[in-house]
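Listed here are the chains, written in short residue letters.
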Amino acid sequence: MSTPDLAEFLDRLAPRDESAARLVRDLIESGWSVLELTGPVQMDVWQLLLERGVRRVRFGIERGRSDGVLVSDDKGAYRPILAAMSASGSAHDTLAEHETAALRWLNDPQDGVGA
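Let us look at the structure shown here. Keep in mind the model is a prediction, meaning the values are calculated, not measured.

**Considerations on the pairing of strand E3 (residues 55–62)**
When you tally the buried positions in E3, you get 6 out of 8 residues, the bulk of the element. Judged from the 7 bridges that link them, strand E2 (residues 45–52) and E3 form a sheet pairing that is antiparallel. If you follow Arg52 over to E3, its bridge partner there is Arg55. Joining the antiparallel neighbours E2 and E3 is a turn of 2 residues, in which Gly53 adopts a positive phi near 65°. Here E3 pairs with strand E4 (residues 65–72) via 5 bridges, running antiparallel. Each bridged residue has a counterpart across the sheet, and for Phe59 the counterpart in E4 is Val69. Between E3 and E4, which follow one another and run antiparallel, lie 2 residues, and Arg63 among them has a positive phi close to 50°.

Spelled out as structure tokens, the structure:
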């Protein structure tokens, strides 16, 4: 298995979850670093971990489906970004409806994970 690159991961993620792929690009542009990138593993499993300071964001694909965007809390457990932001007023809200707010929240040192 060769080491995947970010472009390859984004090529896989974008058709499955364009909002998540856009968030990856925005975070990289705003100074986040790739902590880990693995894939493809059996059953089309991929994982990208980005970090900035103590904050970590996880993007994944399993069996051809996006895992969504997960953020780590101060104990290292991951949870869905909308739940972490408390931005979701409805279980039917999507990242696409909150992309700008998610990027702002992740980049704001006063809010978000690890604050």
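**Remarks on the packing of aromatic side chains**
Here the structure, examined in full by the defined rule, presents 1 aromatic pair. Ring geometry for Phe9 against Trp46: centres 6.1 Å apart, planes inclined by 55°, an arrangement best described as tilted. On the criterion of sequence distance, the pair formed by Phe9 in helix H1 (residues 6–13) and Trp46 in strand E2 is long-range, its members being 37 residues apart. With respect to burial, Phe9 and Trp46 carry one shared label: buried.

**Section: the packing of helix H2 (residues 18–29) against helix H4 (residues 99–107)**
Where H2 meets H4, the closest approach of the two axes is 11 Å, and the angle between their N-to-C directions is 35°. Our pair here, H2 against H4, has a crossing hand that is right-handed. For the pair H2 and H4, contact is made by Ser19, Arg22, Leu23, Asp26 and Leu27 and by Glu99, Leu103, Leu106 and Asn107, respectively. Tallied by class, residues from the contact of H2 with H4 come to 4 nonpolar, 2 polar and 3 charged.

**Quick look at H4**
Within H4, burial applies to Glu99, Ala102, Trp105 and Leu106. Buried residues of H4, viewed axially, fall in a sector of 130°; they line one side. Exposed side chains of H4 directed beyond 90 degrees from the buried face belong to Thr100 and Arg104. Of the surrounding elements, those touching the buried residues of H4 are H2, E3, E4 and helix H3 (81–85).

Cut-offs and rules
Residues numbered from 1 in each chain as written. Predicted model: local features only at pLDDT ≥ 70, side-chain atom pairs only at ≥ 80, totals over all residues. Heavy atoms only, no water. Buried < 20%, exposed > 50% of the residue type's maximum accessible area, 1.4 Å probe, protein only. Helix = DSSP H or I, 4+ residues; strand = E, 2+ residues; numbered from the N terminus. Pairing = 2+ DSSP bridges. Phe/Tyr/Trp six-rings, centres within 6.5 Å; stacked < 30°, edge-to-face > 60°. Axes fitted to C-alpha atoms, helices over the stretch in contact; angles between N-to-C directions. Left-handed = near helix turned anticlockwise from the far one by under 90°. Contact = heavy atoms within 4.5 Å. Nonpolar A, V, L, I, M, F, W, Y, C, P; charged D, E, K, R; others polar. Arc of directions from axis to C-beta.

Function cannot be inferred from these measures alone, as they are strictly geometric.
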